[in-house]
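If you want the building blocks of each chain, they are given just below.
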Amino acid sequence: DAGVIQSPRHEVTEMGQEVTLRCKPISGHDYLFWYRQTMMRGLELLIYFNNNVPIDDSGMPEDRFSAKMPNASFSTLKIQPSEPRDSAVYFCASRPAPRGVYGYTFGSGTRLTVV
Amino acid sequence: GNSVTQMEGPVTLSEEAFLTINCTYTATGYPSLFWYVQYPGEGLQLLLKATKADDKGSNKGFEATYRKETTSFHLEKGSVQVSDSAVYFCALTSNFGNEKLTFGTGTRLTIIP
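The notes below deal with the structure included here. Because the structure is predicted, anything quoted here is derived from the model rather than measured.

As for the overall build of chain B
And then number 1: For chain B, the helix and strand inventory stands at 0 helices and 12 strands.
And then number 2: Ordering the α and β elements of chain B from the N terminus gives β-β-β-β-β-β-β-β-β-β-β-β.
And then number 3: Seen through its principal axes, chain B has C-alpha atoms that stretch 45 × 30 × 20 Å.
And then number 4: Burial analysis of chain B (113 residues in total) assigns 45% to the buried set.
And then number 5: Of the roughly 5,300 Å² that chain B leaves accessible, carbon and sulfur atoms contribute 49%.

Some remarks on the packing of aromatic side chains
And then number 1: According to the stated counting rule, one finds 14 aromatic pairs over all chains in the structure shown.
And then number 2: Ring geometry for Y31 of chain A against F33 of chain A: centres 6.3 Å apart, planes inclined by 20°, an arrangement best described as stacked.
And then number 3: Residue classification places Y31 of chain A among the buried positions, given a relative accessible area of 13%.
And then number 4: With a centroid separation of 5.2 Å and an interplanar angle of 25°, the aromatic rings of F33 of chain A and Y48 of chain A are classed as stacked. Here the residue F33 of chain A occupies a position in strand β4 (residues 31–38), and Y48 of chain A occupies one in strand β5 (residues 42–50), the gap between them amounting to 15 residues. The pair F33 of chain A / Y48 of chain A is uniform in exposure class, with both members buried.
And then number 5: Above the face of the Y31 of chain A ring, R95 of chain A is positioned so that its terminal group lies 4.4 Å from the ring centre.
And then number 6: Across the ring face of Y30 of chain B, the terminal group of K68 of chain B is positioned such that the distance to the ring centre comes to 4.2 Å.

Examining the sheet that holds strand β3 (residues 19–24) of chain A
Strand pairs in the sheet, formed through backbone hydrogen bonds, run parallel or antiparallel to each other.
Residue and element names in this part refer to chain A.
And then number 1: As summarised here, the arrangement of the 4 strands in space is β1-β3-β8-β7, forming an open sheet in which the pairing is antiparallel. Every interior strand has two partners, whereas the edge strands, β1 (5–7) and β7 (65–71), have only one. When the angles between neighbouring strand axes are averaged without regard to direction, this sheet yields 15°.
And then number 2: Taken together, the 5 bridges between β7 and strand β8 (residues 74–79) define a ladder with antiparallel strand orientation. In the strand pairing of β8, A67 is matched with L77.

Rules behind the numbers
- Residues numbered from 1 in each chain as written.
- Chains lettered and ligands numbered in written order.
- Predicted model: local features only at pLDDT ≥ 70, side-chain atom pairs only at ≥ 80, totals over all residues.
- Heavy atoms only, no water.
- Helix = DSSP H or I, 4+ residues; strand = E, 2+ residues; numbered from the N terminus.
- Buried < 20%, exposed > 50% of the residue type's maximum accessible area, 1.4 Å probe, protein only.
- Areas by Shrake-Rupley, 256 points an atom, 1.4 Å probe, with all protein chains shown as cover.
- Phe/Tyr/Trp six-rings, centres within 6.5 Å; stacked < 30°, edge-to-face > 60°.
- Lys NZ or Arg CZ within 6 Å of the ring centre and 35° of its normal.
- Pairing = 2+ DSSP bridges.
- Axes fitted to C-alpha atoms, helices over the stretch in contact; angles between N-to-C directions.

Now the structure itself:
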């Protein structure tokens, strides 16, 4: 298995532009998670899906952020409009059921820089 | 709610030294506990895990024992190598309720030859 695949690896964009991050989870994994990592806040859970359905989006910072999972093999995280404070590394992770027994498999991340 | 408290870093050790990175947690019920490692420029990789009290997780010479009485899951290695230089994260997930994986703040480890 190729693992969790994220694209792009690096993204540099200007403030106010729309940014779309992409994730392909491991086949057969029921859960997909989006995390953000910054020096100040560490790792923050933004949203997670179970069987393509958003379960908890309480970590999404504000309405500028949105996430979708149209099918079991693809998810997007969109920021519109982007701001410099959105600069961070965004990780996607997936795992199979049942809870607790399996660790999460993380992608390599997307490093976003908003200038 | 759930929380994880990790030893503050950074930690610098000489090669072949003994390593301990402390981790304590607060959680409802019986959580599963994990250690993740992040090498520079990469994502997080699962290093080891334990799903019930007194379980010992081990991998690549690293060990951690799930101690419910002290709510701890300290990471240890008997002889570290330069290649162990990375950031280490302790984490937990509840066995009921929210699926969220709660992370500690991470401990940066540097091993010098």
